[in-house]
Amino acid sequence: MKTNPGRFFEDFRLGETIRHATPRTVTTGDVALYTALYGPRFAVQSSDAFAKAIGYPASPLDDLLSFHVVFGKTVPDISLNALANLGYAEGGFHRPVYPGETLSTVSEVIGLKESSNKQTGVVYVRSTGSDSAGKTVLSYCRWVLVKKRDPEAKIVEERVPELAKVVDPADLAHSLPPLSAQAYDVDLAGSPYRFSDYVAGERIDHVDGMTVEEAEHQIATRLFQNTAKVHFDAHATKETRFGRRLIYGGHVISLARALSFNGLANAFALAGINAGRHVAPLFAGDTVYAWSEVLETAELPGRTDVGALRLRTVATKNQPCGNFPDRQGDGYDPAVILDFDYWAFIPR
Amino acid sequence: MKTNPGRFFEDFRLGETIRHATPRTVTTGDVALYTALYGPRFAVQSSDAFAKAIGYPASPLDDLLSFHVVFGKTVPDISLNALANLGYAEGGFHRPVYPGETLSTVSEVIGLKESSNKQTGVVYVRSTGSDSAGKTVLSYCRWVLVKKRDPEAKIVEERVPELAKVVDPADLAHSLPPLSAQAYDVDLAGSPYRFSDYVAGERIDHVDGMTVEEAEHQIATRLFQNTAKVHFDAHATKETRFGRRLIYGGHVISLARALSFNGLANAFALAGINAGRHVAPLFAGDTVYAWSEVLETAELPGRTDVGALRLRTVATKNQPCGNFPDRQGDGYDPAVILDFDYWAFIPR
Amino acid sequence: MKTNPGRFFEDFRLGETIRHATPRTVTTGDVALYTALYGPRFAVQSSDAFAKAIGYPASPLDDLLSFHVVFGKTVPDISLNALANLGYAEGGFHRPVYPGETLSTVSEVIGLKESSNKQTGVVYVRSTGSDSAGKTVLSYCRWVLVKKRDPEAKIVEERVPELAKVVDPADLAHSLPPLSAQAYDVDLAGSPYRFSDYVAGERIDHVDGMTVEEAEHQIATRLFQNTAKVHFDAHATKETRFGRRLIYGGHVISLARALSFNGLANAFALAGINAGRHVAPLFAGDTVYAWSEVLETAELPGRTDVGALRLRTVATKNQPCGNFPDRQGDGYDPAVILDFDYWAFIPR
């Protein structure tokens, strides 16, 4: 059989390394589409002139565009037979990516844990995106619940990896070039608030809402060459639990991040991902809102130009975030769809 | 509060200058999306080879793409609390824009007029788009009806600016490079009709219709980094007068202009905007048609290569324009959505 | 009348050559949109680094993107008054196209055959896409059923051309640069199967399905500057036999080809089109599936790097292809929408 059936849980081996297809050269065409699909307005990623003025050689890609391109490649090998994307950790954006670079992805299987019912198991992978010279661009861990082909299959070796609860921002301090915080023009950037204006515990309602159409998430998800069929096949998904296409979780992350510009306009680059959870599914026709909490602020060793904010951005569907919908008891407010904990750089 | 609440009427000051976020480098990615969203077929903007053959260094951007990018930046500062976009005047396209250039926008408040009910007021701005060297690319005036935060707020200074009814095309005669009208290939351009083939009073039905989908206008409006929430938030707009998302008025201008290719294929570049009025709103699912009237023809001082046509393009929804739907009594035929009066360059 | 009414059957002359508007410079923006609209994952077209490693100067465009751009230009002159697109033959992709190149199209009328009812006739054209230096990039024949303006009009000269049933792949052997099959990395390409792994008679179900939205096919069809009104005008098409917009047949070809990656990942470039038939129309909301049969395998004279597969790809709507829906009696299984017979290059 020449078509790819995807790996089942018993097909993964601890420590195994998987080189994914398809390498992808990212271009200004991808950048335009990313802007058109999500509406980000961060000045560094929008303007070559602005980026150069502060010390970049050119506008870098939005970090989440690179993330989705790196992630998309893992789907045919890791999650074609997944039932759920359970979480992210230890994400690091190691250097800016520029149009013209080619991204490839390799994943290492760092954990395996069969479910007690023997029908499924959790696969933990560390996926690393590299440029064409093999230099790491970004990496992250994720774990997914994957079906077994054969419930009787014996699992040789299992391990649940220990993953850091929080990435140390000092480890990512040098993933940006040296920048001139003085040359950073806050009028053009859209907000006067710099590093020192944010305090731990502060909560920001990002106010705006964005309704998602089927065409939009399909166009985005194909752009990332993510082939998970639940996003594309309305005929087959009629028979699923939701009865319809499910929107790629990364689409929600990008929408929430773009909405967060209104309140976090200068937090222009991602440094790391501490944790991420897709709390509930999003469907076409739903409207996404978001709010953020500043969890920590961190000065960075050897850098007087930028600091880091640890942010927790929560996205909801069909409910504005003026009252900060959040965890409730063991779960979440029913409107919440995403809980995303990350570090972002911001000028001092 | 770190989110932008937008200015209310009483927050504007006569003569005030506002530097808008976000500077934006326009690319061939934006050009591809513009083509895909509107379907323009003007040869100069479609083909580097055609543009070079007549004297351009490369294909310039469609003028309306530059216009929307310049316009989009003004929304968070000017019209976030606007109830209506009332008009345009004194628009000038001062030079071609090429992929790779960075556009920024500054607006000057040139007029303020409180409404008699004290709930709102009209704000007049002149917005100027510049490249990264600060050179003007295009400028235009527009006026919008903006809410007051506090009906009791006293308005210090008011003025209604005098705006030209018609831009003098001689003032814009040198906004195009010297071109070779001989090298302009009418077969490749799609029409044999040059400057001298058009006469004042002539009316042209552009015949074709274009149905607009929610995904399309959202993708376009985000591409222009226009953040007006009425275009994006189906949840919040359920509570509005229309009960649904409203399409960005500029989307209609671009659709009408692209449709006008059929009949005006050689009127390849905009020179100026005399007047523009969004007569009625457009919603997803509606089909846009257009017709144009030649209002004037103008030879241009010092140019034997191109002349200018003053065109009035009228767009309708859900009604073909074979019978030229137009003004009716004090208002308009109910199908009319746009009345746009502009100058376009055309080879002699 | 300055608008283009399109040619009717009696307006065509045997041997006539038509130079079409609008020349079009293709860019990485077009490539990004093509990826986003169809989801192809062929490594050569996705990665400059991969393409260079095997001997290309850069990633070429997907051959079908070039095909659609070349085809789109013919619509205003050939098929504006067409009732049906009847078939394709003698298609050849003569060399790779790279971003930055400008494509133009010329068509020669190679056949005319009036229908017995005198209401319509079949027009056969050979359309040739060239670069700005006039060098042929691709060519193909197609025939369309075109309305007569006047049923009484006398047809001066008729001829039904003889078209090859199958293109000789030897004629296209040198349309690719010399490549290194050794440097072709099957992990990155997504499949271990090379030329010798495929045998005539083999059938492959491509498994995945793709649902099409109105916004998607409209965005694609405008990108190709294809102006056929049936694709865009929901208002006018309410009165047609189908009561709604019809999706451009080329959209189905591109979807089927992108789906065929799953099973044919290394058949990375088209060589020629033997035959193509749009068996039934596709509408928004439908889900496209595809399967392929290997009709022939061909070694190529003077090439040890690549061979050619003659493939027949059949697309269906709303029916997965596990049981290979095919011809039935004189017609087809009612789910079939496309029957496309072509040659593709694949590394040895």
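Residues numbered from 1 in each chain as written. Chains lettered and ligands numbered in written order. Predicted model: local features only at pLDDT ≥ 70, side-chain atom pairs only at ≥ 80, totals over all residues. Heavy atoms only, no water.

- Going by what an unreviewed UniProt entry lists, chain A is known as 2-methylfumaryl-CoA hydratase and is assigned to Methylobacterium brachythecii.

1. Here we look at the overall build of chain A
So, point 1. On a plain count of helices and strands, chain A comes out with 10 helices and 14 strands.
So, point 2. Compactness check: chain A gives a C-alpha radius of gyration of 20 Å against a globular reference of 20 Å for 348 residues, within 12% of the reference.
So, point 3. Referenced to the eigenvectors of the C-alpha coordinate spread, the extents of chain A come out at roughly 65 × 45 × 35 Å.
So, point 4. Expressed as a percentage of its 348 residues, the buried residues of chain A come to 66%.
So, point 5. Within chain A, counting contacts between residues at least 6 apart in sequence, those at least 24 apart form 79% of the total.
So, point 6. Here chain A has roughly 11,900 Å² of accessible surface; of this, 50% comes from carbon and sulfur atoms.
So, point 7. Looking at charge distribution, chain A has the averaged site of its 36 positive side-chain charges lying 6 Å from that of its 41 negative ones. (Helix = DSSP H or I, 4+ residues; strand = E, 2+ residues; numbered from the N terminus. Rg over C-alpha atoms; globule rule 2.2 N^0.38 Å. Buried < 20%, exposed > 50% of the residue type's maximum accessible area, 1.4 Å probe, protein only. Contact = heavy atoms within 4.5 Å. Areas by Shrake-Rupley, 256 points an atom, 1.4 Å probe, with all protein chains shown as cover. Lys, Arg positive; Asp, Glu negative; His and termini not counted. Charge placed at Lys NZ, Arg CZ, Asp CG, Glu CD.)

2. Side note on the pattern of salt bridges
A pair can form between side chains of opposite charge whenever their charged atoms are brought close.
Residue and element names in this part refer to chain A.
So, point 1. All chains considered together, the criterion is met by 75 salt bridges over all chains.
So, point 2. A salt bridge links Arg149 to Asp11; its shortest N-O distance comes to 2.7 Å. In this pair, Arg149 is assigned in the loop between strand S6 (136–147) and helix H6 (186–189) and Asp11 in the segment before strand S1 (17–19), connecting sequence segments 138 residues apart.
So, point 3. Assessed through its relative accessible area of 26%, Asp11 is described here as partly exposed. (Salt bridge = Lys/Arg side-chain N within 4 Å of Asp/Glu carboxyl O.)

3. Some details on the nonpolar core
So, point 1. By size, the foremost hydrophobic cluster in this structure holds 174 residues, and its most contacted members are Phe67 of chain A, Phe67 of chain B together with Phe67 of chain C.
So, point 2. Setting aside residues up to four positions removed in sequence, Phe67 of chain A forms contacts with Tyr88, Phe93, Leu138, Tyr140, Tyr248 and Ile273 of chain A. (Core = buried A, V, L, I, M, F, W, Y, C linked by side-chain atoms within 4.5 Å.)

4. Details of the interface of chain A and chain B
So, point 1. In this complex, chain A contributes 47 residues to the contact, which on the side of chain B involves 34 residues.
So, point 2. Carbon and sulfur atoms make up 56% of the area that chain A and chain B hide from each other, which totals about 3,000 Å².
So, point 3. For chain A, the biggest contributors to the area lost against chain B are Ala36, Arg41 and Leu188 of chain A; these three give 19% of the whole.
So, point 4. Remark: the boundary between chain A and chain B carries five salt bridges.
So, point 5. Of the charged contacts, one joins Lys2 of chain B and Glu202 of chain A as a salt bridge, the two residues approaching to 2.3 Å between their closest N and O atoms.
So, point 6. At the boundary of chain A and chain B, one finds 21 residue pairs in polar contact (both at pLDDT 80 or more).
So, point 7. When residues of the side of chain A that touches chain B are assigned to their parent elements, the largest contribution, eight residues, is made by helix H1 (residues 28–38) of chain A.
So, point 8. A per-class count over the side of chain A that touches chain B returns 22 nonpolar, 15 polar and 10 charged. (Buried area = accessible area lost by both parts, 1.4 Å probe. Polar contact = N/O pair within 3.5 Å; in protein donor to acceptor, adjacent residues only side chain to side chain. Nonpolar A, V, L, I, M, F, W, Y, C, P; charged D, E, K, R; others polar.)

5. What about the relation of the copies chain A and chain B?
So, point 1. Of the transformation superimposing chain A on chain B, the axial component is 0.0 Å and the angular component is 120°, with the fit at an RMSD of 0.0 Å. Accordingly, the operation relating the two chain copies is best matched by a three-fold axis. Taking C-alpha positions as the reference, the residue of chain A nearest the rotation axis is Gly29 of chain A, at 2.2 Å.
So, point 2. The overlap is low: 11% of the interface residues of chain A also sit at the interface in chain B, so different surfaces are used on the two sides. (Least-squares fit on C-alpha atoms with pLDDT ≥ 70 in both.)

6. Quick look at the relation of the copies chain B and chain C
So, point 1. The two copies are related by a screw operation: chain B maps onto chain C through 120° of rotation and 0.0 Å of translation along the axis, at an RMSD of 0.0 Å.
So, point 2. Little of the interface of chain B is mirrored in chain C: 11% of its interface residues are interface residues there too.

7. Remarks on the packing of helix H7 (residues 214–223) of chain A against helix H7 (residues 214–223) of chain B
So, point 1. Across the interface, H7 of chain A lies against H7 of chain B with an axial gap of 8 Å and an inter-helix angle of 60°. Accordingly, the angle class assigned to the pair H7 of chain A and H7 of chain B is oblique. Residue-level contacts link Ala215, Glu216 and Ile219 of chain A of H7 of chain A to Glu214, Ala215, Gln218, Ile219 and Arg222 of chain B of H7 of chain B.
So, point 2. Classifying every residue of the contact of H7 of chain A with H7 of chain B by side-chain character gives four nonpolar, one polar and three charged. (Axes fitted to C-alpha atoms, helices over the stretch in contact; angles between N-to-C directions. Parallel < 35°, antiparallel > 145°, perpendicular 65-115°, else oblique.)

8. Thoughts on the pairing of strand S6 (residues 136–147) of chain C
Moving residue by residue along a regular strand, the side chains alternate between the two faces of the sheet.
Residue and element names in this part refer to chain C.
So, point 1. Where strand S3 (residues 82–93) meets S6, eight bridges bridge the pair, whose relative direction is antiparallel. By the bridge assignment, Gly87 is partnered in S6 with Trp143.
So, point 2. Sheet topology places strand S5 (residues 120–130) next to S6; 11 bridges connect them, and they run antiparallel. Looking across to S6, one finds that Val125 is bridged to Arg142.
So, point 3. Connecting the antiparallel pair S5 and S6 is a turn made up of five residues, with Gly134 showing a positive phi of about 90°. (Pairing = 2+ DSSP bridges.)

9. Description of the interface of chain B and chain C
So, point 1. In this assembly, 47 residues from chain B lie in contact with 34 residues from chain C.
So, point 2. Across the chain B to chain C interface the summed buried area is about 3,100 Å²; carbon plus sulfur atoms make up 56%.
So, point 3. On the chain B side of the contact with chain C, Ala36, Arg41 and Leu188 of chain B bury the most area, a combined 19% of that side's loss.
So, point 4. Linking chain B to chain C there are five salt bridges.
So, point 5. Of the charged contacts in the structure, one is a salt bridge between Arg245 of chain C and Glu213 of chain B, with a shortest N-O distance of 2.9 Å.

10. Let's talk about the environment of Glu157 of chain B
All names here are of chain B.
So, point 1. With respect to the secondary-structure elements, Glu157 resides in the loop between strand S6 (136–147) and helix H6 (186–189).
So, point 2. Between the C-alpha atom of Glu157 and that of Arg312, which follows or precedes it by 155 residues, the distance is 35 Å.
So, point 3. When residues no more than four places from it in sequence are discounted, the contact partners of Glu157 are Leu14 and Leu112.

11. So, the side chain of Glu214 of chain C
So, point 1. Structurally, the position occupied by Glu214 of chain C is in helix H7 (residues 214–223).
So, point 2. Sequence-distant contacts of Glu214 of chain C, defined by excluding residues within four places in its chain, comprise Glu213 and Glu216 of chain B together with Arg244, Arg245 and Ala284 of chain C.

12. Quick word on the packing of aromatic side chains
So, point 1. Considering all chains together, one arrives at 43 aromatic pairs over all chains under this definition.
So, point 2. Centroid distance Phe50 of chain C to Tyr184 of chain C: 5.1 Å. Interplanar angle 85°. Geometry classified as edge-to-face. Residue Phe50 of chain C is found in helix H3 (residues 48–54), and its partner Tyr184 of chain C is found in the loop between S6 and helix H6 (186–189); the two are separated by 134 residues along the sequence. No difference in accessibility class separates Phe50 of chain C from Tyr184 of chain C, as the two residues are buried.
So, point 3. Put simply, the rings of Phe67, Phe71, Tyr88, Tyr140, Phe224 and Tyr248 of chain A touch in pairs and so form one group of aromatic residues.
So, point 4. When the ring centre of Tyr193 of chain B is taken as origin, the NZ or CZ atom of Lys2 of chain C, which lies over that ring, is 5.2 Å away. (Phe/Tyr/Trp six-rings, centres within 6.5 Å; stacked < 30°, edge-to-face > 60°. Lys NZ or Arg CZ within 6 Å of the ring centre and 35° of its normal.)

13. Some words on the pairing of S3 of chain C
So, point 1. Taken together, the three bridges between S3 of chain C and strand S9 (residues 269–278) of chain C define a ladder with antiparallel strand orientation. Considered in S9 of chain C, the bridge of Gly92 of chain C is made with Gly272 of chain C.

14. Some points on helix H4 (residues 63–72) of chain B
Residue pairs spaced three or four apart in an α-helix point in one direction, given the helix's 3.6 residues per turn.
So, point 1. Most of H4 of chain B sits inside the fold, with 10 of its 10 residues counted as buried.
So, point 2. Buried within H4 of chain B we find Asp63, Leu64, Leu65, Ser66, Phe67, His68, Val69, Val70, Phe71 and Gly72 of chain B.

15. Points about the side chain of Asp77 of chain C
Residue and element names in this part refer to chain C.
So, point 1. In this structure, Asp77 sits in helix H5 (residues 75–79).
So, point 2. Residue classification places Asp77 among the buried positions, given a relative accessible area of 17%.
So, point 3. Not counting residues up to four positions away in its chain, the partners in contact with Asp77 are Arg7, Phe12, Ile18, Arg19 and His20.

16. Focus: unusual backbone geometry
So, point 1. In this structure, Thr22 of chain B follows Ala21 of chain B across a cis peptide bond, with omega equal to -5°.
So, point 2. Position of Thr22 of chain B relative to the elements: it lies in the loop between strand S1 (17–19) and strand S2 (24–25).
So, point 3. Of note, the phi angle at Phe324 of chain C is positive, near 50°, even though the residue is not glycine.
So, point 4. As for its placement among the helices and strands, Phe324 of chain C is situated in the loop between strand S11 (306–317) and strand S12 (327–328).

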